[in-house]
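Listed below are the residues making up each chain.
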Amino acid sequence: MRSHDAAERKTRRPDPSPAPFRSGAWMRILLVEDEIEFAATLRGALERELFVVDHVDRLDLAREAVLSYAYDLVLLDRTLPDGDGLSLIADLRADHPGLPIIVLSARGDVLDRVAGLDQGADDYLKKPFALDEMFARIRAVKRRPTDLHIEEIHVGALVFDVANEEATVAGIRLDLPRREVRVLATLVKRRGRTVLRESLEQAVYGFDDEVQSNTLDSHVSRLRRKLTEAGADVEIHPIRGVGYLLRAAS
Ligand code: CA
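Quick caveat: nothing in here was measured; it's all calculated off a predicted structure. Per chain, the residues get numbers from 1 upward, laid out in the order the sequence is written. Local features in this predicted model are restricted to residues whose pLDDT is 70 or higher, and side-chain atom pairs enter the listing and the counts only when it is 80 or higher, whereas totals over whole chains, interfaces and linings include all residues.

### Regarding the overall build of the chain
And then number 1: Working definition: helices are DSSP H or I runs of at least four residues, strands are E runs of at least two. Numbering for both runs from the N terminus. A count of helical and extended segments in the chain gives 9 helices and 14 strands.
And then number 2: By sequence separation, contacts in the chain at least 24 residues apart represent 59% of the contacts at least 6 residues apart. By definition, residue pairs are in contact when their C-beta atoms, positioned from the backbone, come within 7 Å.

And the structure:
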């Protein structure tokens, strides 16, 4: 991903004055767009509203990105160098059923829009559009109830309630501090795959927090111990220099 330098993100301050309730606070957006100037304009506007933006210009990079980060929203162009953006939607829907997707496309006649919505997009915005309209559409999709997608994830003997972010083993709820729950949620949602340290740090801290790199490791080791004590039958493997991977104990 061209857009994110880890060191930059760890140290940046989005705003010198406290303004925690701007519309994008805490939301992470994946912007898939190959028109570089247009992408830069969107990104600037989104970052002013305190969205965290990752920009990619190809579908294959978008697929990689969603494996590594927990996004709150995808803004998706259609005409991309390696295919039609709509082809990404089905992939996203399989693994991330509740992830809102807004298609941004110059192809905006009725049939195009119907195709996009039928494919599973939450909204379809025809280019060119006013930034205010884009923000209004983002607010609208974020207001939709996500409890249609309540799901429980089972790994080993662990049951993770995604909507309530609660972990139980054999019907007993694990009493975990907030940051350990966030780490667990991020790992469980991508069970069986390596989750980057950055992604876990992002889940645990606001992007304007300083992150001590050893703090994540201590959260993980406490979490691992509690899971073992509860008989969860899951393993959290360190992937040296990269991140962690959670899976059922073998
Ligand atoms: Ca394009």
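### So, helix α3 (residues 59-68)
Each α-helix turn comprises 3.6 residues. Residues three or four places apart therefore point the same way.
And then number 1: Neighbour density around each residue's C-beta defines its exposure: 20 or more other C-beta atoms within 10 Å make it buried, 12 or fewer make it exposed, and counts between make it partly exposed, where C-beta atoms are placed from the backbone. Here α3 has its buried residues at Leu59, Ala62, Ala65 and Val66. Projected onto a plane normal to the axis of α3, the buried residues spread over an arc of 110° and lie on a single side.
And then number 2: Where α3 is buried, its residues touch β1 (28-32), β2 (52-56), β4 (79-80), β5 (83-84) and α4 (86-95). Relevant arc is that of directions from the helix axis to the C-beta atoms, nothing else.

### Quick word on the nonpolar core
And then number 1: In this usage, the nonpolar core is the set of buried Ala, Val, Leu, Ile, Met, Phe, Trp, Tyr and Cys residues whose C-beta atoms join them within 7 Å. With 36 residues, the main nonpolar core has Ile29 and Val74 as its most contacted residues.
And then number 2: Mapped onto this core, the elements with two or more residues apiece are β1, α2 (36-48), β2, α3, β3 (73-77), α4, β6 (101-105) and β7 (123-126).
And then number 3: Of all hydrophobic cores here, the second largest spans 24 residues; its members include Val183, Ala185, Leu200 and Leu227.

### Focus on the sheet that holds strand β14 (residues 243-248)
Hydrogen bonds between backbone groups are what pair the strands of a sheet, and the pairing can be parallel or antiparallel.
And then number 1: In space, the 3 strands of this open sheet follow the order β12-β14-β13, with antiparallel pairing throughout. Every other strand in the sheet has two partners, leaving β12 (194-196) and β13 (234-239) as the edge strands with one partner each. Direction aside, the axes of adjacent strands within the sheet are offset by 25° on average.
And then number 2: As paired strands, β13 and β14 are joined by 6 bridges and run antiparallel to one another. Residue pairing in the sheet places Glu235 in a bridge with Arg247 of β14.
And then number 3: The axes used here are C-alpha line fits, helices contributing only the stretch in contact, and every angle between their N-to-C directions lies in the interval 0 to 180 degrees. Each of β12, β13 and β14 is contacted by helix α7 (residues 178-189), which is oriented at about 70° to β14, the strand it contacts most.
And then number 4: This element, helix α8 (residues 197-204), spans β12 and β14 of the sheet and lies at about 65° to β12. For two strands to count as paired, DSSP must find a minimum of two bridges between them.

### Considerations on the packing of α4 against helix α5 (residues 110-119)
And then number 1: Where α4 meets α5, the closest approach of the two axes is 9 Å, and the angle between their N-to-C directions is 15°. By the angle between their directions, the pair α4 and α5 is classed as roughly parallel. The two elements α4 and α5 cross, and the hand of that crossing is right-handed. Here Leu86, Ile89 and Ala90 of α4 come into contact with α5, specifically with Ala115, Gly116 and Gln119.
And then number 2: In terms of residue class, the contact of α4 with α5 is made up of 4 nonpolar, 2 polar and no charged. Orientation categories follow fixed angle ranges, with anything under 35 degrees roughly parallel, anything over 145 roughly antiparallel, 65 to 115 roughly perpendicular, and all other angles oblique. By convention, the crossing between two helices is left-handed when the near helix turns anticlockwise from the far helix through less than a right angle, and right-handed when the turn is clockwise. Residue polarity follows a fixed list, in which Ala, Val, Leu, Ile, Met, Phe, Trp, Tyr, Cys and Pro are nonpolar, Asp, Glu, Lys and Arg are charged, and the others, Gly among them, are polar.

### Some thoughts on the packing of α7 against α8
And then number 1: Where α7 contacts α8, the two axes come as close as 8 Å, and the packing angle between them is 135°. When the axes of α7 and α8 are compared, the pair comes out oblique. Every pair of crossing elements has a handedness; the one defined by α7 and α8 is right-handed. Counted together, Arg179, Arg182, Val183 and Thr186 of α7 and Ser199, Leu200, Ala203 and Val204 of α8 form the full contact between these two elements.
And then number 2: Taken together, the residues of the contact of α7 with α8 sort by class into 4 nonpolar, 2 polar and 2 charged.

### Considerations on the sheet that holds strand β10 (residues 166-169)
And then number 1: Strand order in this open sheet of 4 strands is β8-β9-β10-β11, and the pairing throughout is antiparallel. Two strands lie at the open edges of the sheet, namely β8 (152-155) and β11 (172-173), each paired on one side alone.

### Re the pairing of β6
Two faces make up the sheet, and in a regular strand the side chains alternate between them.
And then number 1: Most of β6 sits inside the fold, with 5 of its 5 residues counted as buried.
And then number 2: Neither face of β6 is exposed, since Ile101, Val103 and Ser105 on one face and Ile102 and Leu104 on the opposite face are all buried.
And then number 3: Here 4 bridges tie β3 to β6, and the two strands are oriented parallel to one another. Of the residues in β6, the one forming a bridge with Asp77 is Leu104.
And then number 4: Across 4 bridges, the pairing between β6 and β7 is parallel. From the neighbouring strand, Ser105 faces β7, where its bridge partner is Lys126.
And then number 5: Traced from β6 through α5 to β7, the parallel crossover comes out right-handed. Here the term right-handed applies to a crossover when the path leading from its first strand over the helix to its second strand runs clockwise, the strands being oriented away from the viewer.

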